Every structure is written in C-alpha cells, then in structure tokens.
Amino acid sequence: MPELTGSSARAVYEGGRRLVLATELVEALPGISAVLDADGIIVAVNAAWTKCCLNTGGRMTEVAVGACYLDHVRLFDGDIDDDHERAGGVRQVLAGTRAAFQQVYACDGPDGLRSYQCEVRPLRGEAGVEGAVVTNIDVTDVMARVAERDVRLNRAAKVAESIGAYWWEWRLDEDCIELSSALARRLGLPGTETSGLMFPRSYVHPDDRVAAAQAFKRVRAGEVTVVDVELRLITRDGPRWVHARGQALHDARGRVERVVGITRDISDRYALSDELARERADSRKLALVAERTDNGVVMTDAKGRVEWVNAGFERLSGYTLADLAGRCPGDLLQGPVTEPDALAALASAIADQRAIRVELVSYQKSGDPYWQEIDLQPVLDDDGVVAQFISIHRDITDRKREAGLHAARAVALRQKLDGQDHRMALAEVVVALEIGFIDAKVAVLVPDASGDNLRCLAAPSLPGGVQVLLDSVPSGDTGGFLGRAAQGTRVCGGKLADDPLWASMISADRVDGLVECWAEPMVGLDGTQQGVLALFFTRPPSVAVAKTIFVEQAAYTVANLIEREAREEALRRSERHFRTLAEVLPLFVSYVDRNFNFRYTNAAHDACLGVKRGSLIGKPLRNIFSEESWVTAHAHLARVLQGERVRCESLRTYCNGIQRYVHATYVPDIDAEGVVVGVHGIIEDITEFRRREDELRAAKEQAQASSAAKSTFLANMSHELRTPLNAIIGYSEMIRSQVLGPLGNSRYNSYVEDIHTSGQHLLDLIENVLDLSKLDAGGVELAREPVALVDVVAQALTMLGMAEDPRVTVDLPTGAAVYGDRRAIRQVLVNLISNAAKYAGTGAIKVVARSDGDDCLISITDRGPGISAADVPRVTEPFYRVGQQNWIASEEGDGAGIGLALAKRLVEEMDGRMVIDSVLGAGTTVTLRMRCAA
C-alpha cells in the first residue's frame, strides 16, 4: 500500500479500522481511492476518483457512491483479463480469504495509455471484514523507467556481443534460461537456428548442477542480486566451460522478475594453463562492470554526462543513478576544498578525449568529504571515435591519512637529523595531517610552565585571532571542551557557540566560520598526556570509526614528537649540566671509546697533563701513560669492557714524568642492546690525601702509644695510691670508731672525720678515672640482660642515703625493665641522682620512666640553677666543670668533672643515649633512652 499522507489518513488503518472511520477520512487516502462495504457497494470516494470518472467522457460516471464496484472494476479501457483478476481479488479480500490484493494494469486514459497499481486492503471490525479500501496509483513513470532500463540492458547486450560475450535471460516465472542465438551457435547447442532458445537445466554438467542451482536459488530468494558462476554446458562437441554473470531485475512491486546477464566461453582458459591469468583478468573486468567491485564505476557519454553507475559508486558517494543520470559527476561531488587544479585537469582530459588519473577531494551526498582517485579511460567505437568514458573511482581517504601520518613522522625524523626548530616542525606536521582530515583546521596545544593553562604551539591554518585565544586556555572546566580535554576527556563535536570561552570571538565574527571542535587528548608512548590536538570544523563532522582511529593516531604521533622533543631537550640540558659540572670539578673526567681513543676530557684533565684544551680528542689513551702505568690501567679497562664497574687506587706515572697517587672509577657506557661502547673515567688526585693519611697514621700511632703509656701510668698509680689510701681510710675508721679507746681531746674527732672523708673522696675519684680509662681502652665488658628499674633505682637511692629523702619522687611503670648491665645502670643512676641532689638544694628531684615504642625513657629532673645553653654540650666532657657564674654549686658540689662523662659513656656502651635538657635558672633534665626488656 502506498504511504498515506497526514495523520488523518493513517487513522484509516489504525485502531479498529472501522468502515465508518474510513468513510469519513476517504479524502486523506492517496491516489484514486474508494471505500467499499462488505458487499462491494461503493460508500465513499475521494475527489481523485470523481475526477477520474468525469475524465472518461461520461462512460464511467455510474461508478459512483451506491454503485457496485464489482460490476465496474475498470476506470478506463484496459485488458479484460486484468479486470477479471482484479474483481476476483476484491471478492477474496471482502470474503476474508485474502489478506490484501495488488495488481499492476494498463488502460487507456484521456492522455493515452497509462499504467496503474491497484491495491485492495480490508477494513476489519468487531464482526470481521466490514469492507475494503481500493486505491489506484498511477505508476506510468515508474514503468517507463523500467522500460528505459531494459533498453539500456539491450544496448549492453550488444556491447557484450561486440567484445565476445553473449547475453542471456532467466525468467523466473518459467524457470528457464533463454540464450542469444549467437551464444547457442558458439556453443553448438541443439536448436542453434532459433533466435530464442529455451535452455533447460538438464544441459548443465551433472557435477555443476548443484552449484548452479544454489546460485540461482539465492537470487530467487532475494538473498543476492547478482549471479556469478562458472560451470560446464553439455554441447555436441562435449562439455564447454562458461562464465555466467547476471543482474537481478525487479518488477514494479519490488519482486525479482528476471535475471539478465552475459556469458563468456572460458573453455580455452581451462584447457590452456598459460592463458589462465589473462582470461581471469578479462572475467574480472566484466565482473567489475557488473558491480562486483567495491570501487565505483561510472559510464558517461562522450561529453562526460552520466549514463550508468554501479552499486560501488552509490556506496562510495551516496548518490544513485537517478541523482546523476544526464549530469556531470562533478556537479554534485565538488565542494569547498575540492582542488581547482585537479578539476581543470579532469575537464581538459574529457575535452581532449584522453585518459587521465587524478586525485581530488569529493563530497558525499551527506556532505562528508572524502579523498578519491579517478582513473578515466575513453571507450572507442568501431570507427575509433570516443563513444563513452569509463571511470574507476577509488576511496583513498585511508591512504591519504596514512600518507599524512607518514609525512608527519618524516618531519619528526628530519627535525631530529637536521636540528629543525620544534615549532616549525610541528607546523609542518599539522599541515601534513590536515590532508587526512580534509576539512578540519588543526591546532596543537600543550601545557604552559605552570601547568594551569594550555598554550598554542602550532595552528598554521587558523586565523590569528583564534590562535591568540588558543594561547591561553585554562585547564579544567573553566577552559571549556579544550580545558576538559587537557584533563584527559575526549570532547567530540563540541559546539563553539555553547562554550563561554568562544562567546566573544563568535559575537565579533572572528572565528572564520568555525562551528565545532574535536578536542583529543594527546597521550604519548609513556602514557603521559602531552597536550590536546584540537580539530576545528566549518560544519558538524561525522564520527565514523575510521576517522576516530585516525584522530587517535594523529594525536599519538604529535604526542610522541612533543614527548621526544622534551626528552631530547632534557638530554641536552643534562649534557650541559654534565659538561658544566665536569669542567668545574677538581677531578680528571674523560670518556674513551671501545678502542680507548679519547672522546672527551675536562679542563682539569688537560691541565694536569699540561696539554692544550681539547687536544687529546681522538688520540689514544695509551699516549698519556708510562709503559708500567699503562699495563695497570689497561687491565682495569679490559674489565670495564666486560661490563664491570672498576674502582682502584694506584701510583701512576704520566708521559710528562709527573707521578700521582690517584683514585680511579671506570664506568662502562652500555647501549640499548647491552653492548659496551665506551668507558667513563673519573680520576681523583689523592696524592695530598695520601700524604696527610701517612701523617695521620703516624699521629695515630703516636697517640696510641701515649694512650698505652697513660693506661700503664694510671694502672701503676692506682696501685701505688690505693695502698696508702686503704691504710689511711682503715686507720681513720678505727680512730673514728675509738676501737682502742677514747681520743682524749674532742677536736681530734673532727680531724679524724675530715681525714676519713677526704680519703674516701680521693678513692672514689681514682675509681672513676680508672673506669673512664678502661672504657677508652675498650677493656670493659658489660652484660646485656633485663634489669628491673624498680630495683636499681631503689639501690641507687639507698647507696646515696636518699631512700627516705622527701625531695625525691619516683614514678616507674609496673614491671618496667631495660636491657643492660645492672652494675653500670646503677652507677649511672647514682651519678645522675647525686648530681641532681647536689644542685637542687631544697628543690624537688623526680625519677620518671615511660615507654616510647621499643625504647624506655628514664628521666632525672631537678629544679636547681640549671646550665647555660653554651655549657650543655660540654658538661659530658671528662674533667670539665662549669664555672661558678653558670653552675652554682654548694661546697659539697665540688668534683673532678668525671661523673657525667662516665655516665654518658656507660649508657652508650649499652647501646643507649643520654640527652641533657637544661634552662638556666629553671633546672635540668637528664634523659636516658634504652631498649625495653618488657
């Protein structure tokens, strides 16, 4: 049924399809239409029906509302058989035994013979078929085009016969093939004298019947529109190989009516192997004309007006033969960027009636541009005059895109080899890529130094105002689609009018007709985004898969160029830094190749040898050494060539007679394939260092000897001093205790007490000095065992007579213990608590412990006068005593300055640390950090 126009007309066939609704809406029906009730009585007609009846000159005026349509099925004089078929179809539709009825018939009208397509559709109600709609559409022009097509096919058949091919026709209704008489005679089939041979399928070779039947079956089923088979025919002379290729033709109702094709005898090709390639090429040429190729094929007359195009051209351009017939292809295919020179060359070739091959930009019917290659060839008639042109149209867009990418990579390579300016190279890359984009203007944007904005590196085709705008685009949403692309989001088809960034440019009409942008993030080889590739269009672009892939490839190519330039700039900067550093270093820096020839030396290296700056480049390393020194150096360098890094010290004699102790480091230079291509050498002159080292070694030996003498002296002195001291302390203790009786004079008691105290003090001083001396000599071995803090703190307080001292506060966690030597820890605590007691006066003294991770912190705090910041680092030095102005001590506070030094050394020997925090006038805290044992 032809398509109805308007919502009212469609309503006739929607809902319940009621008869009354059809009657009311009959004017909405197309063509010459009437509405029938269930008995075939006309209940409504449209204006076209009435006009048609009046145009018959009064012969059909009775075919009006109220008449029985079955008695007046013809509108004009026509074939009586068609009328009977139509009447029968209407009865079947009204009876409900047929879903619909269609017929194409011819009849005489006022202006001659016309062709109509009649279609009858039922109107169904709740009780069944209530009536029908009869529509007659004038298809005279359609049938004329079909006839015109047949004429062209007959012409093609004659052309085929002129080149040794023969036509044939398969009529589906009769299920038989009719061959031209020329083909029948050529093959020697029976009935060669008849011009229309009915060819039964039994003449096909048995081995080929299945393949032939399947090929024709697919055409009959509508799966394909082309038959292309090679088979053997049974002839009087035996089997003959033929190549048959045909095109399906459809009737006005769209059904396959017949297949018309051409056939070539290819028996010789099968018989002669040396002619196989040529015959196949000829067959493929015919197949190309018959639309098998994907390329476009256009046949024009001698003036270039289109006569025929194949399906490949329709797919390529979107234009059908109906669009192009009688017109020059360029009338529709040209566009804004089609090259004038290419068009002129093509027009000149047609005018001169000669062959030409040209590449140009064409536009599809949808408006999308594409690159095509046109191969135009003239076709001569028997008199040698150009009768037609045949042109092959190939879509070379992908090839142009590949060429653009190749050109872009070539520019990048040339820049690397020739040192071309980076911006100029990028501009050339953009120009090369724009060939593949065809109608896009391309810009390359990269982050500025801050990373907050994009700047334009290249946009050679864009107006200056647009380039200025692109030179400062904020990253992120504030920068619109370009800013979002800078953060890795592809924006395809961004409308400039919707982007606030472009509002001022558009209002000032400074965008040169640009309407949309494709912003593609440029991600390089290492996965880092290098910027944005921006494509600007004057019309909305299509987003095809091939174009998307090309955009990604172009962005990747440009990103790699930018990334490589950044790497090379970093390499150049690194080389400058290296050379600058190497030139100012007081070291001898050099580089030699695998053959040990100099490729670089720094200023210090040349100055040491007394040669002119750079004069050693290219010369052998061997020349700067004496014979003996070269043997040693060569052995080291041979190891480096095996990939080993070598460090060594040696005495070298140079060619100028200078001798130097040097510390040499040789590093292999290994390329990407793992081959050592050279050696980096860093030579340090350690002659002065060796001299000082010898002096230090002699001083150390002297100091060790002095230390040994001191230890021997202290050991001897301790023995010599302890013997009389023990006697003094012992006898003074007996006298003080009045073991042998009273002294007689009370003043002797105070003298004896002073003697005993002084002796004990001197003995303690000797013991501390000896302990410190043993620690210096490494002669003290301390235990590593868990020591409970509660026990050693109590013992220390008891030894000091301070167990009940009200000034002392002890705060120790339950079970707190540290690793160390019990006696050493007790001695440390005694020294620290006694110091605190000496200088705290009546102030408080706190002994506190707490955990800090795996360590235990033990703090002894007093509220004494404190120590100045200048004296804190020195109070742990042996025999150092703070002056009276900084550390106010009582008369009992006098000492030798050994207690803190000994405490610190003992803590460090137990892998701990001692820290003193003091504020002058506020007190002192000594903190021991030791490893927890619980």
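Because the structure is a prediction, the values reported are computed rather than measured. (Residues numbered from 1 in each chain as written. Predicted model: local features only at pLDDT ≥ 70, side-chain atom pairs only at ≥ 80, totals over all residues. Heavy atoms only, no water.)

### Brief notes about helix H15 (residues 422-437)
Between its first and last C-alpha atoms H15 spans 22 Å; for 16 residues at 1.5 Å apiece the expected length is 22 Å, and the two agree. Three or more residues of H15 are buried, namely His 422, Ala 425, Leu 426, Val 429, Val 430, Ala 432, Leu 433, Glu 434, Gly 436 and Phe 437. Trailing H15 by a residue or two, Ile 438 shows a phi angle of about 70 degrees, which is positive. (Helix = DSSP H or I, 4+ residues; strand = E, 2+ residues; numbered from the N terminus. Expected span 1.5 Å × (residues − 1). Buried < 20%, exposed > 50% of the residue type's maximum accessible area, 1.4 Å probe, protein only.)

### Some thoughts on helix H25 (residues 822-840)
A rise of 1.5 Å per residue sets the reference length of H25, with its 19 residues, at 27 Å; its end C-alpha atoms lie 26 Å apart and thus fit the reference within 8%. Of all 19 residues in H25, 15 are buried; the element is thus mostly enclosed. The residue sitting at the N-terminus of H25 and contributing the capping side-chain oxygen is Asp 821; that oxygen lies 3.2 Å from the backbone nitrogen of Arg 823. Once H25 finishes, Gly 841 follows within two positions and takes phi at roughly 65 degrees, a positive value. (Polar contact = N/O pair within 3.5 Å; in protein donor to acceptor, adjacent residues only side chain to side chain.)

### Quick look at unusual backbone geometry
The phi dihedral of Gln 353 falls on the positive side, at around 55 degrees, and the residue is not glycine. When you line up the elements, Gln 353 lands in the loop between helix H13 (340-352) and strand E15 (356-363). On the basis of relative accessible area, Gln 353 is assigned to the partly exposed category, the value being 36%. Positive phi, normally seen in glycine, also occurs at Ile 438, with a value near 70 degrees. Mapped onto the secondary structure, Ile 438 falls in the loop between H15 and strand E18 (440-447). Look at Ile 438 and you get buried, because its relative accessible area is 14%.

### Focus: the sheet that holds strand E28 (residues 676-685)
The strands making up a sheet are joined through hydrogen bonds of the backbone, oriented either antiparallel or parallel. In spatial order, the strands read E25-E24-E28-E27-E26; together these 5 strands make up an open sheet with antiparallel pairing. The outermost strands of the open sheet, each flanked by one partner alone, are strand E25 (598-601) and strand E26 (646-653). Looking at each pair of strands side by side, their axes are set apart by 25 degrees on average, direction ignored. Two elements, strand E24 (residues 588-593) and E25, share 3 bridges in a ladder whose sense is antiparallel. Each residue of the ladder has a partner; that of Tyr 591, found in E25, is Tyr 600. Sheet strands touched by helix H19 (residues 545-584): E24 and E25. Its angle to E25, the strand with the most contacts, is close to 70 degrees. Sheet strands touched by helix H21 (residues 627-641): E26, strand E27 (659-670) and E28. Its angle to E26, the strand with the most contacts, is close to 165 degrees. (Pairing = 2+ DSSP bridges. Axes fitted to C-alpha atoms, helices over the stretch in contact; angles between N-to-C directions. Contact = heavy atoms within 4.5 Å.)

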